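Listed below are the residues making up each chain.
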Amino acid sequence: MNLRVRATLSMIGALLLLPALTGTARATSAGAVVEASRTTVYLVPGKLLEVPVKAWHLRYRSTSATGRPNVVSGTLLVPGTPYPLGKRPIAGYAVGTHGMGDQCAPSAAMAGGTEAELAIMSLMLVKGWAVAVTDYEGLGTPGDHTYMAGLSQGRAVLDSIRAAARVPGANLSAAAPVVVMGYSQGGSSAAWAAQLQPSYAPELRLKGVAAGGVPADLRAVADHLDGTGDFGLAAAAGIGLDAAYPELHLDGYLTPEGATLFSDARDDCVGDLRAKLGGRRLAEFTTADVLNLPDWRARLAENRLGASAPRVPLFLYHATGDEIIPYEVGTTLREEYCAQGANVLWTGLPTGSHVLGAVEGGPPAVAWLATRVAGLPAIPNC
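Residues numbered from 1 in each chain as written. Predicted model: local features only at pLDDT ≥ 70, side-chain atom pairs only at ≥ 80, totals over all residues. Heavy atoms only, no water.

**Student:** Please explain the packing of aromatic side chains as it appears in this structure.
**Tutor:** Here a ring pair, both rings aromatic, is described through the centre-centre distance and the interplanar angle of the planes. Inspection of the entire model under this criterion finds 6 aromatic pairs. The ring of Trp56 has Arg38 sitting right over it, with the charged end atom 4.6 Å from the ring centre. A cation over an aromatic ring shows up here: Arg372 above the ring of Trp368, its NZ or CZ 4.8 Å from the ring centre. (Phe/Tyr/Trp six-rings, centres within 6.5 Å; stacked < 30°, edge-to-face > 60°. Lys NZ or Arg CZ within 6 Å of the ring centre and 35° of its normal.)

**Student:** Any chance you could explain the side chain of His354 here in plain terms?
**Tutor:** Assignment of secondary structure puts His354 in helix α12 (residues 354-373). Not counting chain neighbours up to four residues away, the residues in contact with His354 comprise Tyr183, Ser184, Gly213, Asp322, Glu323, Ile324 and Ile325. (Helix = DSSP H or I, 4+ residues; strand = E, 2+ residues; numbered from the N terminus. Contact = heavy atoms within 4.5 Å.)

**Student:** How do you make sense of the environment of Pro89 when you look at a structure like this?
**Tutor:** Within the fold, Pro89 resides in the loop between β5 (69-79) and β6 (90-94). With relative accessibility at 1%, the residue Pro89 sits in the buried group. Sequence-wise, Pro89 and Val72 are 17 residues apart; in three dimensions their C-alpha atoms are separated by 22 Å. In contact with Pro89, other than residues within four places in its own chain, are Tyr83, Trp129, Ala130, Pro177 and Val373. (Buried < 20%, exposed > 50% of the residue type's maximum accessible area, 1.4 Å probe, protein only.)

**Student:** What's the story with the nonpolar core in this structure? I'm lost.
**Tutor:** The nonpolar side chains of a soluble globular protein tend to be buried with one another. Ranked by internal contacts, the top residues of the largest apolar core, which has 113 residues, are Leu76, Leu77 and Met181. The element contributing the most residues to this core is helix α7 (residues 231-244), with 9 residues. Other than its neighbours up to four places away in sequence, Leu76 contacts Lys54, Ala55, Trp56, Leu58, Ala130, Val131, Ala132, Ala164, Val167, Ala170 and Leu172. (Core = buried A, V, L, I, M, F, W, Y, C linked by side-chain atoms within 4.5 Å.)

**Student:** Got a minute to help me understand the packing of helix α6 (residues 218-225) against α7 in this structure?
**Tutor:** Each packed pair of helices is defined by two parameters, the angle between the axes and the distance between the axes. Here α6 crosses α7 at 140 degrees, and the two axes come no closer than 8 Å. Considering their axes alone, α6 and α7 lie oblique with respect to each other. For α6 against α7, the interelement crossing comes out left-handed. Where α6 abuts α7, its residues Leu218, Ala222 and Leu225 lie against Phe231, Leu233, Ala234 and Leu241. Here the residues of the contact of α6 with α7 sort into 7 nonpolar, no polar and no charged. (Axes fitted to C-alpha atoms, helices over the stretch in contact; angles between N-to-C directions. Parallel < 35°, antiparallel > 145°, perpendicular 65-115°, else oblique. Left-handed = near helix turned anticlockwise from the far one by under 90°. Nonpolar A, V, L, I, M, F, W, Y, C, P; charged D, E, K, R; others polar.)

Right under this line is the structure:
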């Protein structure tokens, strides 16, 4: 067989194989749907007050904090009525801290009628938006939840939106306008989604991001929580970062008591984390100053928000009396984004707790996102 014939046959073979290769790449790309099954969502326990939407439980492909492919679960909610104003918008909703065990996942909470943040999601649903809710890496899927690993969380949010547009029967478009919202852990995830979107998901038509109570600086938050009733949240963040970054070797620095309590915390929900670890200090459980070890310092710095400015408008809000995420952590993020030219509308909420910040900040955040969907100008107050 001469070289010209061989080259021609090779080209024909490549062309015949191309559709199969393209399909495989598509099926394994970030945002690809692994499984989508119909589910029912309830407002209260006991399978009472069914939320009148079409709902799917999803498993979809995403990317870990270290850039490895993974599979994440979540829930997609789509109003049953037609959207009269063009392509139905898709909101990526990032929940606040639920815990570390699979039973704590937002998908499980919505199916069981215990998801408090459905009250905020409902403000989006009544506007006709679809809402994609990620469970985050390891929460509802095998492995430890990589709690507070911002790179993983931000990617999980963006990929939940990509996946939503690919769910058969949801009738959503990849060209739909997109918004993102979250508070607390969700605020961090939303802000990370905003920072990562230009490089990670540039095809999304992201119009705006609302992020409240943002734990932008994990080291500052950990120092603040040490010895408080919410120390369990700091411990969970340590477990989550250790799960995200194998070189951190947290187990190698734990005392026997620390090893027992931290192992037990790996499947606890947020109430148990507070009850079991409240009032304790990290130094009681470790044999070294863990947060100052070089590997830990590097990963904490990597997961600190503010190093680059999002390209879309931001609505940042924070309770002035936040006892969990210091107000100064939020104002610093605002200053850093503003200094880099980001379009930021900042609101300091005159309320005395972290939870009340979510309650009071949610409705104006959704209203601000609605103006982004409508295409109105975003007016900053940097």
